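Take a look at the letters that make up each chain.
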Amino acid sequence: MFGRSRSWVGGQGKSKSIHSLEHLKYMYHVLTKNTTVTDHNRNLLVETIRSITEILIWGDQNDSSVFDFFLEKNMFAFFLNILRQKSGRYVCVQLLQTLNILFENISHETSLYYLLSNNHVNSIIVHKFDFSDEEIMAYYISFLKTLSLKLNNHTVHFFYNEHTNDFALYTEAIKFFNHPESMVRIAVRTITLNVYKVHNQHMLHYIRDKTAAPYFSNLVWFIGSHVIELDKCVQTDEEHRNRGKLSDLVAEHLDHLHYLNDILIINCEFLNDVLTDHLLNRLFLPLYVYSLVGSEQSEDRKISPQVSLYLLSQVFLIIHYQPLVNSLAEVILDGDLSVFSAQAEQDAQKTMSNASVRRFTKPAESLERSLEINRQRGRKRAPKRPNYKNVGEEEEEEKEPEEAPWPCLFAETKVTSRNR
């Protein structure tokens, strides 16, 4: 799904003049003469974008003036303009593939800053692609993963806008956490881990306050639903005819546990608190542990004791976060069934202000809907004017708040030299 030839990058047999500032200027001229995508110029524009990418990759290593010209002429805006014209899947696929290869091959931070300035990359991230197209989906999520690999304390400011509480790279990626294609789900996990590893407090607090609860609650529900499917496979396969399917389901569940452990060992304390709460109260206790002690007739018992024991053994083998492991072990070893009582739920919620209901239950809203609600709530309104009737207040509320500017380190500035 993700495989694609990249032989055209720095291809052999090309004339050296193709990799030059002069040729980039010619490519710019081609773009200015073909601002509207038609059936006649579609292939020309795709080849032009490819050539520009080759020159930028070459310039990153050999000639800084290439990026000076690229920024001066705001050439990234041409890419975005082509994308917004709904020019068909062929152009979308080629553009995403080209951008992915470009960001994969840029090695100098200053070159990366050039490409990320002016917020064009974020505009591409939030573009409404046709994700029902498998190839577009593959290149899009691969593009996001490549960008996430470039995240650090400096570059995160190009993606997370503290003024508007917006982090498209992260929020757009996690919407595909339950995608039917396993490679997409794996890419989403990689992106989230790359984000959590960046030690930027403002960004991490945004994730905790605006996205952690909806993401982790939906993730836990997805994992639990997968466990129930695994249990059904065991119960209905008495003659062991579906070993292949069962093996795949077990492998997928172990991947989930490894992912959870990867998040926890990053050791971001306030994220761990939210995740631990959801795992204990919405998955491990009500689904795994209760299945060991609940009666067969109980509606709350979702899986068989045998499957539950196996899954719990894997939890203790794979997850190493002590507060979670210790709490789970304490419930099991003490044999205290009161943790499943209504009173225990009330006590838990009194001691933990953000505690989840101790029940395996589907989130009230989808992840995408929750993110949209939190995004609207997170917008910062301008303070009211101190006049008697706040004249004009209603008109202001009807208007969309202006977006605060994104970091643009080089905009409208022609840089003549750069430190390598």
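If you're wondering where the values come from, they're calculated on a predicted model, not measured in any experiment.

Thresholds applied
- Residues numbered from 1 in each chain as written.
- Predicted model: local features only at pLDDT ≥ 70, side-chain atom pairs only at ≥ 80, totals over all residues.
- Heavy atoms only, no water.
- Axes fitted to C-alpha atoms, helices over the stretch in contact; angles between N-to-C directions.
- Helix = DSSP H or I, 4+ residues; strand = E, 2+ residues; numbered from the N terminus.
- Parallel < 35°, antiparallel > 145°, perpendicular 65-115°, else oblique.
- Left-handed = near helix turned anticlockwise from the far one by under 90°.
- Contact = heavy atoms within 4.5 Å.
- Nonpolar A, V, L, I, M, F, W, Y, C, P; charged D, E, K, R; others polar.
- Polar contact = N/O pair within 3.5 Å; in protein donor to acceptor, adjacent residues only side chain to side chain.
- Salt bridge = Lys/Arg side-chain N within 4 Å of Asp/Glu carboxyl O.
- Buried < 20%, exposed > 50% of the residue type's maximum accessible area, 1.4 Å probe, protein only.

1. Points about the packing of helix H13 (residues 269-293) against helix H15 (residues 322-334)
Taken N-terminus to C-terminus, the directions of H13 and H15 make an angle of 30°; their axes are 11 Å apart at the nearest point. In terms of their interaxial angle, H13 and H15 are classed as roughly parallel. The handedness of the crossing between H13 and H15 is right-handed. Between H13 and H15, the residues in contact are Thr276, Leu279, Leu280, Phe284, Leu285 and Val289 and Leu324, Ser327, Leu328, Val331 and Ile332, respectively. Class assignment of the residues belonging to the contact of H13 with H15 gives a composition of 9 nonpolar, 2 polar and no charged.

2. A few points about the environment of Leu45
With respect to the element layout, Leu45 can be found in helix H2 (residues 42-62). In the structure, Leu45 is positioned 11 residues away from Asn34 in sequence and 7.6 Å away in space, judged by C-alpha atoms. Not counting residues within four places of it along the chain, the set of residues in contact with Leu45 comprises Leu31, Asn34, Val37 and Ile82.

3. Concerning unusual backbone geometry
One non-glycine residue, Asn118, lies in the positive phi region at around 70°. Here Asn118 shows up in the loop between helix H6 (109-116) and helix H7 (120-125).

4. Quick word on the side chain of Ser20
Its place among the elements puts Ser20 in the segment before helix H1 (21-33). In terms of polar contacts, Ser20 uses its side chain to reach the backbone amide nitrogen of His23, at 3.2 Å. For Ser20, the residues in contact, after removing those within four places along its chain, are Ile55 and Trp58.

5. Here's the deal with the pattern of salt bridges
All chains considered together, the criterion is met by 8 salt bridges. Measuring nitrogen to oxygen at the nearest pair gives 3.5 Å for the salt bridge that ties Glu47 to Arg50. Of this pair, Glu47 and Arg50 are both found in helix H2, 3 residues apart, which corresponds to roughly one turn of the helix. On the basis of relative accessibility, which here comes to 19%, the residue Arg50 falls in the buried class. For Lys175, the salt bridge is made with Glu172, and the minimal N-O distance between the two is 3.0 Å. If you follow the salt bridges from partner to partner, you end up with Arg89, Asp133 and Glu135 in one network.

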